[in-house]
Each structure stands twice: as C-alpha cells, then as structure tokens.
Amino acid sequence: MSTGLAIIGCGARTPVGFDRRSSAAAVRAGISVIAEHPFLIDRFGEPMKVTRDAGLDPYQTGLERLLALATPAAREALGPLEGIPGTPKISVVVCVGEQRPGQDSRMGATLTDGLCDALTDSIRVEQQLNWMGGHAGGIVALETASHLLSNGDFDMVLVGGVDSYLCRDTLEWLDDNEQLHSDGSIYGFCPGEAAGFVLVSRVETAHRLGLTPLLTLVSAGSGIEKNLIKTEDICLGDGLSAAFHAAAESLPETERVDRIICDMNGERYRGNEYGFAVLKASRLFKDAAAFDTPADCWGDVGAASGPLYVSLVVAAEERGYAKGPLSLIWASSEGGRRAAAILRRWGE
C-alpha cells in the first residue's frame, strides 16, 4: 500500500541503550551485550545466553517488565509533540510477542491499557489497538497505521512493538525446542527484550503542526508463510517474498533498496527463507547479501524489531552514514506472518 507518510518521532529501549540514539550508536559500533543469565541454566547445565536490560531487576517479569520497557520508549517517540499547539487525535497501535509459555493471550490488551494510562498526561488517545503478532507485528502495525491515516480519522498513530523473552517459562520452552543458542545448540538464538515506538502522521499534518519529519514511510506490506519453523515442511520464502513485493508496490521499476535491516538471529530456518525470498524479489535490491542483523548486538527482540529498525534508519540519516535514500526493513513471525516496509530519506 502506498502511503507517503511522515515519520515524526521514534523511541527505543534496548539492552544496548536506554534511548534510540544510544541504542543505534551501540549497534553501529557492533557492541554486543550477549551474556550469561544471572541464575537460569540450560539443558546442558550451562548459564543461558541472553541479552538483558541492565536497568531492570532480573526477577521482574510479565506486565511490569513490559511496561518498564515500553513507557520510556513511547514517551521518547512522542517528544516532538511537546509544546505544539492543540491536541492531536492519536491512535495507539501496540504489538507484543506471540502467545507462548510465560505469556498468555491477554498480554497485548493488558499492556496497551497500562501504557495508554501512563501516557494520559502527554497525549489524548482516541483509539487503541493491540495484537500478539511476534517479530513481524511491529511492521504490520506500521501497515495498520497507513490504513488508519488514509481514512482521515486520526492526526497521528503511535506504533509500538514490545517484547521480552526473559521469563523462566519462556526461556525453558525455547531450550526444550532447541532454539536457545548455546555451545550445544549453535543454530539457536540469544533471546532479549526491548521496546520500539514510531510516531507516524500524514505529511500535511506534520507541516500544519510545524514538525520536521525524520523519514518518509513509503509503504508497508505483509504476507503469510504456510511452511513454518519447527515443522518438517520446507520454507521456500513465499510469504516473505510476498511481503517484499507488497512493500515495494509503489516503487518505480528503476529504484533499488540501498540498505536492508532484518531479524535474522542465527536460526538456519530464517537464513534459508531469506535466500529463497530474494530469488523471487531480486529486482528490489542493490546487494541482497549486504544486510544488517542487530540481533548480533541486542539479541532477538521479537515484536520490538520493526519499530527499532526504523530508529536505526533515522540514526543513519542523522549521522550521515546512510548507504543511500532507500531502506528496507523486514521480519518474520513464528506463526507465519511476514512483513516488510520501505523507508525513504526525507525530502528525496
């Protein structure tokens, strides 16, 4: 879906930084905080390898932990609205991780309620939406924002992704499924936790309020993969390639993506999927092999992935190290949802 929307603000809370600029600087420098969990042991008798928010109590779990991640990131994304005249009509769209041991089906709604309550001193929330969409969920939320803004019902949409794997039941479930990275399971991943938020508006709204956009959200799209991880089926990248094509629908045939940021985390399934998807969407990329994988630094951050990738693109533009004007971000959820978005340098 073509949108031409303005990215007004973004915020982050990650294991490598308590705001978007410090998080992006750490990823740019290749700083990794993958370390041993302070007290949880894997099935090989070794400390679990995770990434942790150092500002949170390691014993804190559930809603309290997710709110501690989400609230500062959301406030940072809303920062550009301080001092502007009037009260914009804002919709809040939040995605959390998929239902799993340690996280029940009510978490998305409960977290969104708590977050909106915490933000009442800053904004007037006209509508709130939530779902448990996993890795792709934050980018699907950007796609949802496009629809909401195109209908004209809201001035802005605050899009967020929040996730934490750091719950005993969740980590033990990953370990049982051989997804937890260790010396005995080299194709697993290092689970982490984070929150990312993006404030999106129509371009004319940004101009009316005197706000300078950070990026243009060109488009976002999604697809469904039927051959899932943890099954015997072979994934040929159909869902991910569909998401690539949907996100690039409005791009001219001659344009190519300069930078790719994705949620590959060390699992062989994800690498194979991307390889097949690229073959089906090769025209989009200048160099499909030159992709960035922030999970190497902040671990796998699940539903927070997409909004955090936006903040990395913003940082590259602000600091002058962007490879070019067009960036593609993508992510894949275990449940089959695939999503991608294309971001353009503001003014080009």
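You'll find the structure just up there.
Here the residue index of a chain counts from 1 through its sequence in written order. Whole-chain, interface and lining totals are the exception, using all residues; otherwise, since this is a predicted model, local features are given only for residues with pLDDT of at least 70 and side-chain atom pairs are given and counted only at 80 or more. The side-chain values count all of the structure's non-hydrogen atoms but skip hydrogen atoms and water molecules.

Concerning the overall build of the protein chain
A run of H or I in DSSP becomes a helix once it reaches four residues, and a run of E becomes a strand once it reaches two; helices and strands are each numbered from the N terminus. When its secondary structure is counted, the protein chain shows 10 helices and 12 strands. Only the C-alpha atoms count toward the radius of gyration. The rule for a globule is 2.2 Å times the residue count to the power 0.38. Expected size for 348 residues packed as a compact globule is a radius of gyration near 20 Å; at 19 Å, the protein chain falls within 12% of this value. Each of the three principal axes of the protein chain carries a C-alpha extent, and together these read 60 × 45 × 35 Å. The long-range fraction of contacts in the protein chain, counting pairs at least 24 apart against all pairs at least 6 apart in sequence, stands at 79%. The Shrake-Rupley method, run with a 1.4 Å probe sphere, supplies the accessible areas, and residue values consider only the shown protein chains as cover. Accessible area of the protein chain: about 13500 Å², with a carbon and sulfur share of 48%. Here the positive residues are Lys and Arg and the negative ones are Asp and Glu; neither His nor the chain ends is included. Working definition for charges: the position is that of NZ of Lys, CZ of Arg, CG of Asp or CD of Glu. Here the protein chain carries 31 positive and 46 negative side-chain charges, and the mean point of each set is 5 Å from the other. Note on contacts: a residue pair qualifies if any of its non-hydrogen atoms lie within 4.5 Å across the two residues.

Topic: the side chain of Arg-270
Looking at the secondary structure, you find Arg-270 in helix H8 (residues 268–280). Whenever a nitrogen or oxygen atom comes within 3.5 Å of another N or O atom, the pair is scored as a polar contact, on the condition that within protein one atom can donate a hydrogen and the other can accept it, and that pairs from neighbouring residues in sequence are kept only if both atoms are in side chains. Of the polar contacts made by the side chain of Arg-270, one reaches the side chain of Asp-263; its length is 3.0 Å. Those residues within four positions of Arg-270 in sequence are excluded, and the remaining contacts are His-135, Asp-263, Met-264, Asn-265 and Ser-332.

Focus: unusual backbone geometry
Located in the positive-phi region is Glu-178, a residue other than glycine, with phi close to 60°. Here Glu-178 shows up in the loop between helix H5 (168–176) and strand E7 (193–201). With a relative accessible area of 54%, Glu-178 lands in the exposed category. We note that Lys-230 has phi near 70°; this positive angle belongs to a residue other than glycine. One can find Lys-230 in the loop between strand E8 (215–224) and helix H7 (238–247). Burial status follows relative accessibility: with a 1.4 Å probe on protein chains alone, a residue under 20% of its type maximum counts as buried, one over 50% as exposed, and anything between as partly exposed.

Some remarks on the packing of aromatic side chains
Stacked, edge-to-face and tilted labels apply to pairs of Phe, Tyr and Trp rings (six-membered ring for Trp) whose centres lie within 6.5 Å, assigned for plane angles under 30 degrees, over 60, and everything in between, in that order. In total, this model carries seven aromatic pairs according to the counting rule given. Taken together, a centroid distance of 6.1 Å and an interplanar angle of 75° make the contact between Phe-244 and Trp-330 edge-to-face. Remark: Trp-330 occurs in strand E11 (residues 326–332) and Phe-244 occurs in helix H7; sequence separation between them is 86 residues. Under the relative-accessibility criterion, Phe-244 is labelled buried at 0%. Both rings, one in Tyr-274 and one in Trp-330, keep their centres 5.2 Å apart while their planes meet at 15°; by these two values the pair is stacked.

Digging into the pairing of strand E3 (residues 47–50)
As defined by bridge partners, strand E2 (residues 35–41) adjoins E3 across three bridges and the pair is classed as antiparallel. Paired with Glu-36 across the two strands is Lys-49, which belongs to E3. The rule for pairing is simple: two strands pair if DSSP sees at least two bridges between them.

With respect to the pairing of E8
Within E8, nine of the 10 residues are buried, leaving the element largely enclosed by the surrounding structure. Strand direction decides the pairing type here: E8 and strand E12 (residues 337–345), joined by nine bridges, are antiparallel. Within the sheet, the bridge partner assigned to Gly-221 lies in E12 and is Ala-340.

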